[in-house]
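# Architecture and fold: a report
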Amino acid sequence: MTATLSLKGVSRQFGTTRAVDDVSLDIQPGQFVGVIGRSGAGKSTMLRLVNRLIDPSEGSIHFGSVDVTALKGRALRQWRRDCAMIFQQFNLVDRLDVLTNVLIGRLAEHGFLSSMAMRFTDEERALAIEALDRFDLVPQALQRAGTLSGGQQQRVAIAKALLQRPRIMLADEPIASLDPANATRVMDGLRQINTEDGLTVLVNLHTLDTARAYCDRIIAMRLGRVMFDGTPAQLTDDVVRDIYGLDGFAEFNEAVTSTSARATGRVMEQA
Ligand SMILES: Nc1ncnc2c1ncn2[C@@H]1O[C@H](COP(=O)(O)OP(=O)(O)OP(=O)(O)O)[C@@H](O)[C@H]1O
């Protein structure tokens, strides 16, 4: 079902900028991996390379025995469905109700006409309700998505992504615009699908504290390169200081800033 994701010597050049520079990584099935780094470090570019929204300038990406970099046409569309992606800005249709937004996750499986008409089967509706139930969102099912809190909208986006039946979940700064309580619920949602469904999660994060609280493995990027790859315990304050310098250290340790899910995350773990 799921497989190891391998990047081998992957680079992506934009003009004179090497957004991702010679990255090699193996991500084992079921890992919860956080990618941290300053703005412009190459985190988003790396995720977009994995789901082939953009192509590498050099190197290759494999998922098990499949050469992702060589996929074309139907196989490429299937790969994009295999990699669900959630974004900072939720990507929901505000004026549509929550249930319909989740069902949109099924549209890629539909033919042109049925997707234009947004016709869904009873089985699909049941799957959507089940996905909403996992995140305690059934009471909001018929509410317009735009009326929900940011944290609820992001959990709807996760439910929608699950309806694609993905093999890997990519998340590009999913909590960057949320307050700490909502950030915690969204990170808990990602942890839930990781532990319950065994889905590999690859998530870009701004704050080290959140990465430490949730991830099995942390990858730190700088100027497109991987500067650290290890467990949260290995990423000590001294290592962060060495990698990023003193100002970087301050930036990543914004434990009490609006985007950190750390404090509440730890409390919930102990509960
Ligand atoms: N489509 C593009 N065209 C030109 N340059 C780009 C493009 N996409 C990214 N870049 C550049 O590549 C570098 C890495 O950008 P990227 O968005 O991957 O970083 P990031 O770590 O995700 O940053 P942020 O946290 O701000 O999202 C930056 O210098 C950026 O300006």
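An account of the accompanying structure is given in this report. (Residues numbered from 1 in each chain as written. Predicted model: local features only at pLDDT ≥ 70, side-chain atom pairs only at ≥ 80, totals over all residues.)

A few words now on the overall build of the protein chain. A tally of regular secondary structure across the protein chain gives ten helices and ten strands. Here the protein chain, with 271 residues, has 45% of them falling under the buried criterion. Residue pairs in contact within the protein chain that sit at least 24 positions apart in sequence constitute 73% of those at least 6 positions apart. (Helix = DSSP H or I, 4+ residues; strand = E, 2+ residues; numbered from the N terminus. Buried ≥ 20, exposed ≤ 12 C-beta atoms within 10 Å, placed from the backbone. Contact = placed C-beta atoms within 7 Å.)

With respect to topology, four strands assemble into an open sheet ordered 2-1-4-5, the strand pairing being antiparallel. Here the strands that pair on one side only, and so sit at the sheet edges, are strand 2 (17-27) and strand 5 (66-67). Running at roughly 60° to strand 2, helix 1 (residues 43-50) makes contact with strand 1 (5-14), strand 2 and strand 4 (58-63) of the sheet. (Pairing = 2+ DSSP bridges. Axes fitted to C-alpha atoms, helices over the stretch in contact; angles between N-to-C directions.)

Let us now look at the nonpolar core. The biggest cluster of nonpolar side chains holds 75 residues, and the ones touching the most others in it are V102 and L170. With six residues, helix 6 (residues 150-162) is the single largest residue contributor to this core. The contacts of L170, once residues within four sequence positions are left out, are L47, V50, N51, C83, A84, M85 and L202. (Core = buried A, V, L, I, M, F, W, Y, C linked by C-beta atoms within 7 Å.)

Before going further, it helps to spend a moment on the environment of R134. Tracing the sequence through the fold places R134 in helix 5 (residues 122-134). The partly exposed category is assigned to R134, around which 17 C-beta atoms lie within 10 Å. With 97 residues separating them in the primary sequence, R134 and T231 have C-alpha atoms 28 Å apart.

Our next topic: the site of the ligand. Every residue lining the ligand is accounted for by F14, T17, A19, G37, S39, G40, A41, G42, K43, S44 and T45. Mapped by element, the contributors of at least two residues to the shell around the ligand are strand 2 and helix 1. Per-element tally for the shell around the ligand: the top contributor is helix 1, with three residues. Split by residue class, the shell around the ligand holds three nonpolar, seven polar and one charged. (Near = placed C-beta within 6 Å. Nonpolar A, V, L, I, M, F, W, Y, C, P; charged D, E, K, R; others polar.)

Counting buried positions along strand 7 (residues 168-172) yields five of five residues, so the element is predominantly enclosed. Here strand 7 shows two buried faces, one formed by I168, L170 and D172 and the other by M169 and A171. Here strand 7 runs beside strand 8 (residues 200-204); their pairing, made up of five bridges, is parallel. Its bridge partner lying in strand 8, A171 is registered against V203.

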